Amino acid sequence: DQQVKQNSPSLSVQEGRISILNCDYTNSMFDYFLWYKKYPAEGPTFLISISSIKDKNEDGRFTVFLNKSAKHLSLHIVPSQPGDSAVYFCAARIGTSGSRLTFGEGTQLTVNP
Amino acid sequence: DAGITQSPRHKVTETGTPVTLRCHQTENHRYMYWYRQDPGHGLRLIHYSYGVKDTDKGEVSDGYSVSRSKTEDFLLTLESATSSQTSVYFCAISEWDKNIQYFGAGTRLSVL
């Protein structure tokens, strides 16, 4: 039972354009969401997060949007750069179970020069 | 890598042999985690620890055991490795349960 799903295994965009990565979840108890980025042969690194009391959070070129009614979140990268090419994982957490993260399958983003 | 060292980085072993993976941290964080990453599944939590000698199961704990005798070390043991345990294993740490988790570089394990 995949509670967090990233339906697009891969995404290819041109440098300078917007990258939009999507994530859907089924458990309405999730109240905190995170995005991690992973380069080959490295561990995932934290990118940005959002609490369920917000619908948007920005950090530089990265913005995460949360639509609770649709149980959907998205990560926008503007403008995309070749160094953004990586696998992006979304993750979700239930507040009462603090430390347990549920991850999606990941989306491979390729930014072409 | 936030002061996290995983060893070994690569291991090839045979079915039925015991395997121990080590995670060492220099951050003095209370929480430590073991995940496995497999195609089509993302990262899945195996076990985690919330203090010395305090551990709990994750969603895919069958076939794995853990131990934490010191704050800085968290060991993952496969008592009798199976081919289905071929995977990339990541250790993570966090200062408290709701803090961001920071990951090590991973251990690639192949069970033949």
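Residues numbered from 1 in each chain as written. Chains lettered and ligands numbered in written order. Predicted model: local features only at pLDDT ≥ 70, side-chain atom pairs only at ≥ 80, totals over all residues. Heavy atoms only, no water.

(A) Just the overall build of chain B, in detail. Of the regular secondary structure elements, chain B holds zero helices and eleven strands. Element order for chain B, N to C, with α for helix and β for strand: β-β-β-β-β-β-β-β-β-β-β. Dimensions of chain B, computed from the C-alpha atoms along their principal axes, are close to 35 × 30 × 25 Å. Across chain B, contacts joining residues at least 24 apart in sequence account for 55% of those joining residues at least 6 apart. Accessible area of chain B: about 5200 Å², with a carbon and sulfur share of 47%. Placing the 12 positive and 13 negative side-chain charges of chain B at their respective mean positions leaves the two points 2 Å apart. (Helix = DSSP H or I, 4+ residues; strand = E, 2+ residues; numbered from the N terminus. Contact = heavy atoms within 4.5 Å. Areas by Shrake-Rupley, 256 points an atom, 1.4 Å probe, with all protein chains shown as cover. Lys, Arg positive; Asp, Glu negative; His and termini not counted. Charge placed at Lys NZ, Arg CZ, Asp CG, Glu CD.)

(B) Focus on the overall build of chain A. Across its full length, chain A carries zero helices and eleven strands. A globule of 113 residues ought to have a C-alpha radius of gyration of about 13 Å, and chain A, at 13 Å, matches this closely. Principal-axis analysis of the C-alpha atoms gives chain A an extent of 45 × 30 × 20 Å. Split into buried and exposed, the 113 residues of chain A put 48% on the buried side. Pairs at least 24 apart in sequence give 55% of the contacts found in chain A among residues at least 6 apart. As presented, chain A carries roughly 5300 Å² of accessible surface, and 50% of it is formed by carbon and sulfur atoms. (Rg over C-alpha atoms; globule rule 2.2 N^0.38 Å. Buried < 20%, exposed > 50% of the residue type's maximum accessible area, 1.4 Å probe, protein only.)

(C) Expanded view of the sheet that holds strand 8 (residues 72–77) of chain A. All names here are of chain A. Spatial ordering of the open sheet is given by 1-3-8-7-6, a layout of five strands whose pairing is antiparallel. Edge strands, defined here as strands with exactly one partner in the open sheet, are strand 1 (4–5) and strand 6 (56–59). Bridge count for strand 6 against strand 7 (residues 62–67) is four bridges, and the pairing is antiparallel. If you follow Asn 57 over to strand 7, its bridge partner there is Val 64. (Pairing = 2+ DSSP bridges.)

(D) The arrangement of the interface of chain B and chain A in detail. Taken together, the contact pairs 23 residues of chain B with 19 residues of chain A. Linking chain B with chain A are one salt bridge, by the criterion used here. Where chain B packs against chain A, one counts two residue pairs in polar contact (both at pLDDT 80 or more). In terms of residue class, the side of chain B that touches chain A is built from ten nonpolar, eight polar and five charged. (Salt bridge = Lys/Arg side-chain N within 4 Å of Asp/Glu carboxyl O. Polar contact = N/O pair within 3.5 Å; in protein donor to acceptor, adjacent residues only side chain to side chain. Nonpolar A, V, L, I, M, F, W, Y, C, P; charged D, E, K, R; others polar.)

(E) Region of the structure containing the state of the cysteines. Applying the stated criterion to the full structure yields two disulfides over all chains. Put simply, Cys 23 of chain A and Cys 90 of chain A are joined by a disulfide, and their sulfur atoms are 1.9 Å apart. Looking along the S-S bond of the Cys 23 of chain A-Cys 90 of chain A disulfide, the torsion reads about 60 degrees, which is the right-handed sense. Of this pair, Cys 23 of chain A sits in strand 3 (residues 19–25) while Cys 90 of chain A is found in strand 9 (residues 86–93), placing the two residues 67 residues apart along the sequence. Of the two residues, Cys 23 of chain A and Cys 90 of chain A, both sit in the buried class. Two residues, Cys 23 of chain B and Cys 91 of chain B, share a disulfide whose sulfurs are 1.9 Å apart. On the sign convention where negative is left-handed, the bridge of Cys 23 of chain B and Cys 91 of chain B, at about -70 degrees about the S-S bond, is left-handed. (Disulfide = S-S within 2.5 Å.)

(F) The environment of Tyr 32 of chain A, seen in detail. All names here are of chain A. Structurally, Tyr 32 can be placed in strand 4 (residues 32–38). For the pair formed by Tyr 32 and Leu 101, sequence separation is 69 residues and the distance between their alpha carbons is 9.5 Å. Not counting the four nearest positions on each side in its chain, Tyr 32 is found in contact with Ser 49, Ile 50, Ser 51, Ala 91, Ala 92 and Arg 93. For Tyr 32, the side chain forms a polar contact with the side chain of Ser 49, separated by 2.7 Å.

(G) Fine view of the layout of surface pockets. Put simply, the largest pocket is a space of about 380 Å³. Taken together, 24 residues line the largest pocket, and the ones lying closest to its centre are Lys 38 of chain A together with Gln 37, Val 88, Phe 90 and Arg 108 of chain B. At the level of elements, strand 9 of chain A together with strand 4 (31–38), strand 9 (87–94) and strand 11 (107–111) of chain B are the ones that each hand at least two residues to the lining of the largest pocket. It is strand 11 of chain B that contributes the most residues to the lining of the largest pocket, four residues altogether. When grouped by side-chain class, the residues that make up the lining of the largest pocket number eight nonpolar, ten polar and six charged. (1 Å grid on protein atoms, 1.4 Å probe; cavity = no way out; pocket = protein on both sides within 12 Å on 5 of 7 lines; lining within 4 Å. Points joined across faces, edges and corners; volume = space filled by probe spheres on them.)

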